[in-house]
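The residues making up each chain are set out below.
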Amino acid sequence: MSLQNTLEIDIVKANSSHIDAVDFDHLTFGTVFTDHMLICDYKDGAWEKPIIKPYEPFLIDPSSKVFHYGQAIFEGMKAYKDENDDVWLFRPDENLKRFNKSALRMAMPEVPEDIFIQGLKVLLDLERNWVKKGLGNTLYLRPFMIATGHGVIAQPSTEYRFMIILSPAKSYYSGEVKVIIAEHYSRAANGGIGAAKAAGNYSAQFYPTKLANEKGYQQIIWTDDATHTKLEEAGTMNVFFRINDTLYTAPTSERILDGITRKSIIELAKKEGFAVEVRSVLVQELVDAANNGTLKEIFGAGTAAVISPIVSFSYQNNEYQLPKIENSFALQLKDKLTKIQYKLAEDTFGWTVKV
């Protein structure tokens, strides 16, 4: 993918920056934003010229279809700064593909590569001081699109707004992560929009997650909607299970998001010589492995957290502890993946793209 700038973008710079007022050592994920944002509107069947302008609220009609029929999609990405002060993206082509896959499923227009990639590049060039060096420091990138067409008739919008906002970030999760296996609620269903990064997917899981939090668990491992016997995702992440010395993860489907971190971990694990199987893992299989001592690890994988080890899971009111392993697969893979992202190790996969 080329990152040569061929796109004309209007730029309106902020009068001043608030970067000096930000405590980068004590960031709450997703609450602090950079000085500028990108906006590009879709009207009369075509995308207009993008504009980069100061980050600020904007007016929107109360009848906009995003409020009434939920046409909203997003992506999660990160930018990294190496020791030479160069800024890098990680597999942005995969984010673009997934974004447009989500757009098609939600009856929204696809965003052209130049607007998505080139717009991101120009915005990052402008905000590169917000990307801090050092492992754990990133700039979280949130491209998203909402339906802005007016009217409450139940049909797709004819107008949309694509935007990119940026947020400095450190580690997403802190502390130990305990999960509960879903027995009633579902994240997604066959034929639904589970494989799209649609806003409604996430709001639908807030309530069951709230119930899990009240019981002392940070996340839910979701199961299939029909039988609740197949393990699928962990919270907002893909999930991996290590039984003996084999890593297992569910195949992508209409219910499971095609995670970019997930597919990177699979490729990286295979290159490192780990046994990997992509297949459905049954709840009973996990319980049996926990009981006979062959279950070694469970970890979530996603852009925000990268890899998040899970220390225990609960099923049918029984809690199962995971063993503490010093040289775990999770920590080995996280170390290797983050070193590629921060350009501390050779990228033999061609995943990193210089801004």
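### Here we look at the overall build of the chain
Working step 1: The number of helices and strands found in the chain is 8 helices and 20 strands.
Working step 2: Here the chain has a C-alpha radius of gyration of 21 Å; the compact-globule value for 355 residues is 20 Å, and the two agree.
Working step 3: The principal-axis extents of the C-alpha atoms in the chain amount to approximately 60 × 55 × 35 Å.
Working step 4: Looking at the chain as a whole, 52% of its 355 residues are labelled buried.
Working step 5: Partitioning the intrachain contacts of the chain with sequence separation of at least 6 by distance along the chain shows that 73% fall at a separation of at least 24.
Working step 6: When the accessible surface of the chain is summed, it comes to about 16100 Å², and 48% of that surface belongs to carbon and sulfur atoms.
Working step 7: Charge centroids of the chain, computed over 39 positive and 45 negative side chains, lie 2 Å from each other.

### Side note on helix H7 (residues 283–292)
Working step 1: Of the residues making up H7, those classed as buried are Val283, Leu286, Val287 and Ala289. Considered in projection along H7, the buried side chains sweep an arc of 160° and stay on one side of the axis. Seen from the buried face of H7, the exposed residues on the opposite side, beyond 90 degrees, are Asn291 and Asn292.
Working step 2: Once H7 finishes, Gly293 follows within two positions and takes phi at roughly 85°, a positive value.

### Observations regarding the pattern of salt bridges
Working step 1: Applying the stated criterion across every chain yields a total of 24 salt bridges.
Working step 2: Residue Arg91 pairs with Glu94 through a salt bridge whose shortest N-O separation is 4.0 Å. A single burial state applies to Arg91 and to Glu94, both of which are buried.
Working step 3: For Glu297, the salt bridge goes to Arg242, with nearest N and O atoms at 2.8 Å. Taken as a pair, Glu297 in strand S17 (residues 295–302) and Arg242 in strand S13 (residues 237–243) lie far apart in primary sequence, 55 residues in all.
Working step 4: Accessibility expressed as a relative area gives 7% for Glu297, which makes it buried.
Working step 5: Given the relative accessible area of 9%, Arg242 is considered buried.

### Looking at the pairing of strand S19 (residues 318–321)
Working step 1: Relative to S19, strand S18 (residues 306–315) is paired through 4 bridges, and the arrangement is antiparallel. Bridge pairing links Phe313 to Tyr320 in S19.
Working step 2: Linking two consecutive strands that pair antiparallel, namely S18 and S19, is a turn of 2 residues; a positive phi of about 50° is found at Gln316 within it.

### Observations concerning the packing of aromatic side chains
Working step 1: The full count for this structure, using the stated rule, is 16 aromatic pairs.
Working step 2: Between Phe99 and Phe116, the ring centres sit 5.5 Å apart and the planes meet at 55°, which makes this aromatic pair tilted. With Phe99 in helix H2 (residues 92–105) and Phe116 in helix H3 (residues 113–126), the pair connects residues that are 17 residues apart, well separated along the chain. For the pair Phe99 and Phe116, one class covers both residues: buried.
Working step 3: These aromatic residues form a ring-pair network of at least three members: Tyr42, Trp47 and Tyr160.
Working step 4: Directly above the aromatic system of Phe58 lies the positively charged group of Arg161, at a separation of 4.8 Å from the ring centroid.
Working step 5: Over the ring of Tyr217 we find Lys178; its NZ or CZ atom is 5.3 Å from the centre of that ring.

### Description of the side chain of Asn95
Working step 1: Examined against the element boundaries, Asn95 turns out to sit in helix H2.
Working step 2: Setting aside chain neighbours within four positions, we find Asn95 in contact with Glu75, Gly76, Met77, Phe90, Phe116 and Ile260.

### Remarks on unusual backbone geometry
Working step 1: Look at Val306: it is not a glycine, yet its phi comes out positive at around 65°.
Working step 2: Its place among the elements puts Val306 in strand S18.

### Observations regarding the packing of helix H6 (residues 260–271) against helix H8 (residues 329–341)
Working step 1: Put simply, H6 and H8 touch, their axes get as near as 10 Å, and they point 110° apart. By the angle between their directions, the pair H6 and H8 is classed as roughly perpendicular. Only Leu333, Lys336, Leu337 and Ile340 of H8 make contact with H6, whose side of the interface consists of Thr261, Ser264, Ile265, Leu268 and Ala269.
Working step 2: Looking at the contact of H6 with H8 residue by residue, the class counts come to 6 nonpolar, 2 polar and 1 charged.

### Structural notes on the nonpolar core
Working step 1: Counting residues in hydrophobic clusters, the biggest one holds 54 residues, and the most contacted among them are Leu124, Leu141, Met145 and Phe162.
Working step 2: Residue contributions to this core peak at 7 residues, all from H3.
Working step 3: Apart from residues lying up to four places away in sequence, Phe162 is in contact with Leu38, Ile39, Cys40, Trp47, Phe99, Val111, Ile115, Phe116, Pro143, Phe144 and Met145.

### With respect to the environment of Asp82
Working step 1: Positionally, Asp82 belongs in the loop between strand S6 (77–81) and strand S7 (87–90).
Working step 2: Taking the C-alpha atoms as reference points, Asp82 and Lys339, 257 residues apart in sequence, are found 10.0 Å from one another.
Working step 3: Excluding its chain neighbours within four sequence positions, the residues that come into contact with Asp82 are Trp88, Lys133, Tyr342 and Lys343.
Working step 4: A distance of 2.8 Å separates the side chain of Asp82 from the backbone nitrogen of Asn84, its partner in a polar contact.
Working step 5: Reaching out from Asp82, the side chain makes a polar contact with the side chain of Trp88 at a distance of 2.9 Å.

### Observations regarding the packing of H2 against H3
Working step 1: At their nearest, the axes of H2 and H3 sit 11 Å apart, and the two run at 140° to each other. In terms of their interaxial angle, H2 and H3 are classed as oblique. Crossing hand, H2 versus H3: right-handed. Of the residues in H3, those touching H2 at Pro92, Asn95, Leu96 and Phe99 are Glu113, Phe116 and Ile117.
Working step 2: Residues of the contact of H2 with H3, tallied by class, amount to 5 nonpolar, 1 polar and 1 charged.

Definitions and limits used
Residues numbered from 1 in each chain as written. Predicted model: local features only at pLDDT ≥ 70, side-chain atom pairs only at ≥ 80, totals over all residues. Heavy atoms only, no water. Helix = DSSP H or I, 4+ residues; strand = E, 2+ residues; numbered from the N terminus. Rg over C-alpha atoms; globule rule 2.2 N^0.38 Å. Buried < 20%, exposed > 50% of the residue type's maximum accessible area, 1.4 Å probe, protein only. Contact = heavy atoms within 4.5 Å. Areas by Shrake-Rupley, 256 points an atom, 1.4 Å probe, with all protein chains shown as cover. Lys, Arg positive; Asp, Glu negative; His and termini not counted. Charge placed at Lys NZ, Arg CZ, Asp CG, Glu CD. Arc of directions from axis to C-beta. Salt bridge = Lys/Arg side-chain N within 4 Å of Asp/Glu carboxyl O. Pairing = 2+ DSSP bridges. Phe/Tyr/Trp six-rings, centres within 6.5 Å; stacked < 30°, edge-to-face > 60°. Lys NZ or Arg CZ within 6 Å of the ring centre and 35° of its normal. Axes fitted to C-alpha atoms, helices over the stretch in contact; angles between N-to-C directions. Parallel < 35°, antiparallel > 145°, perpendicular 65-115°, else oblique. Nonpolar A, V, L, I, M, F, W, Y, C, P; charged D, E, K, R; others polar. Core = buried A, V, L, I, M, F, W, Y, C linked by side-chain atoms within 4.5 Å. Polar contact = N/O pair within 3.5 Å; in protein donor to acceptor, adjacent residues only side chain to side chain. Left-handed = near helix turned anticlockwise from the far one by under 90°.

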